[in-house]
Amino acid sequence: TIDFVSNQIKPLLMKHYGISPWEINVITSILDKRFKTEDEEIENTYEDKFVSHLEIAFPYSFNDEFFKWFDFKEWDRLKGVFKEMKRRSGDGKAIKIELNFSGDPDINFILQSDQSQWFKMEVEKIDFVVELLPYHLDKDKIPKNVKSVIYNFDQEAARWKIITVFTDEKKFVNSENGWKLTT
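Quick notes on the rules
Residues numbered from 1 in each chain as written. Predicted model: local features only at pLDDT ≥ 70, side-chain atom pairs only at ≥ 80, totals over all residues. Heavy atoms only, no water. Buried < 20%, exposed > 50% of the residue type's maximum accessible area, 1.4 Å probe, protein only. Helix = DSSP H or I, 4+ residues; strand = E, 2+ residues; numbered from the N terminus. Contact = heavy atoms within 4.5 Å. 1 Å grid on protein atoms, 1.4 Å probe; cavity = no way out; pocket = protein on both sides within 12 Å on 5 of 7 lines; lining within 4 Å. Points joined across faces, edges and corners; volume = space filled by probe spheres on them. Nonpolar A, V, L, I, M, F, W, Y, C, P; charged D, E, K, R; others polar. Phe/Tyr/Trp six-rings, centres within 6.5 Å; stacked < 30°, edge-to-face > 60°. Lys NZ or Arg CZ within 6 Å of the ring centre and 35° of its normal. Core = buried A, V, L, I, M, F, W, Y, C linked by side-chain atoms within 4.5 Å. Pairing = 2+ DSSP bridges. Polar contact = N/O pair within 3.5 Å; in protein donor to acceptor, adjacent residues only side chain to side chain.

Asks: Can you help me understand helix α1 (residues 21-31) in this one?
Replies: Each α-helix turn comprises 3.6 residues. Residues three or four places apart therefore point the same way. Of all the positions in α1, only Glu-23, Ile-24, Val-26, Ile-27, Thr-28, Ile-30 and Leu-31 are classed as buried. Looking at the buried positions of α1, the neighbouring elements they touch are β1 (11-17), β2 (36-41), β3 (52-58), α2 (64-70) and α3 (72-89).

Asks: I'm lost on the layout of surface pockets in this one. Help?
Replies: Picture a little ball the size of a water molecule; that probe, rolled over the atoms, points out where space is still empty. Volume-wise, the largest pocket comes out at about 240 Å³. Forming the walls of the largest pocket are Tyr-135, His-136, Lys-141, Ile-142, Arg-159, Lys-161, Ile-162, Asn-174 and Trp-179. Secondary-structure elements contributing two or more residues to the lining of the largest pocket are α5 (129-136) and β7 (159-166). Its residues assigned to classes, the lining of the largest pocket shows four nonpolar, two polar and three charged.

Asks: When you look at the environment of Ile-95 in this model, what are you seeing that I'm missing?
Replies: By the element assignment, Ile-95 lies in strand β4 (residues 95-101). Beyond its immediate stretch of four places on either side in the chain, Ile-95 contacts Ile-19, Phe-50, Ser-52, Met-85, Lys-86, Ser-89, Leu-111, Gln-112 and Phe-119.

Asks: Please clarify how the packing of aromatic side chains should be interpreted in this entry.
Replies: The geometry of an aromatic ring pair is captured by two quantities: the separation of the ring centres and the angle between the planes. In the structure shown here, the tally under the stated rule is 23 aromatic pairs. Aromatic side chains Phe-35 and Phe-70 sit 6.1 Å apart centroid to centroid with 35° between the ring planes, which places their arrangement in the tilted category. Separated by 35 residues along the polypeptide, Phe-35 in the loop between α1 and β2 and Phe-70 in helix α2 bring together distant segments of the chain. The burial state of Phe-35 is the same as that of Phe-70; both residues are buried. Its end group placed over the ring of Trp-69, Arg-34 keeps NZ or CZ at 5.2 Å from the ring centre.

Asks: Could you clarify how one ought to interpret the nonpolar core in this entry?
Replies: Soluble globular proteins tend to pack their nonpolar side chains together in the buried interior. Within the largest apolar cluster, 46 residues are counted, with the highest numbers of intra-cluster contacts made by Phe-58, Leu-99 and Phe-109. Those residues in contact with Phe-109 that sit more than four places away from it in its chain are Phe-62, Ile-97, Glu-98, Leu-99, Phe-101, Ile-126, Val-129, Tyr-151 and Trp-160.

Asks: Quick question: what am I supposed to make of the pairing of β4 here?
Replies: Looking down a regular strand, the side chains alternate between one sheet face and the other. Most of β4 sits out of view: seven of its seven residues are buried. Of the two faces of β4, both are covered, the one formed by Ile-95, Ile-97, Leu-99 and Phe-101 as well as the one formed by Lys-96, Glu-98 and Asn-100. Inspection of the sheet shows β3 paired to β4 by seven bridges, in the parallel sense. The residue of β4 that forms the bridge with Leu-54 is Ile-97. Connecting β4 to the antiparallel partner strand β5 (residues 106-111) that follows it, the hairpin turn spans four residues.

Asks: Is there a simple way to think about the side chain of Asn-44 in this case?
Replies: Within the fold, Asn-44 resides in the loop between β2 and β3. Of the residues examined, Asn-44 reaches a relative accessible area of 17% and is grouped as buried. A distance of 3.5 Å separates polar atoms of two side chains, one belonging to Asn-44 and the other to Tyr-17. The residues contacting Asn-44, other than those within four sequence positions of it, are Tyr-17, Phe-50 and Val-51.

Below is the structure:
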């Protein structure tokens, strides 16, 4: 468990490009209630076909305790900003949001749906994954010594799925036939 009660405010890193100053200000105002937000504007490398990119690295684990400590009302406000960002940017490869949570293992979400309705569903269903983590991270269902997992939204199933896991030196991708070693 994490000591959320300590008075030490942990730094939170936020990197972005193509996000309006107003949106950054609103996000920062929400995050600054609990974190010392470090905001870094980065260069668009054009490797992805996204007009805007936002990455937030939370210094805590993705679990119930985090959401209680952060405050569900504030989390809902943050999700509202993400949905508004997508609405304003329109359909297509407009925006990609990465939410990364430190922990054992690190939990990472990549929101990148082309269509606004799917994007909204991605945003809304993130907190539902907390209840499914013990099942998703069952030692018998994933490779050994996982350090980091990446969730992508499966539109066919309308839910978040672990698509990639990293161990100390290896990367595995989830396939219909189980975990496939890629590196």
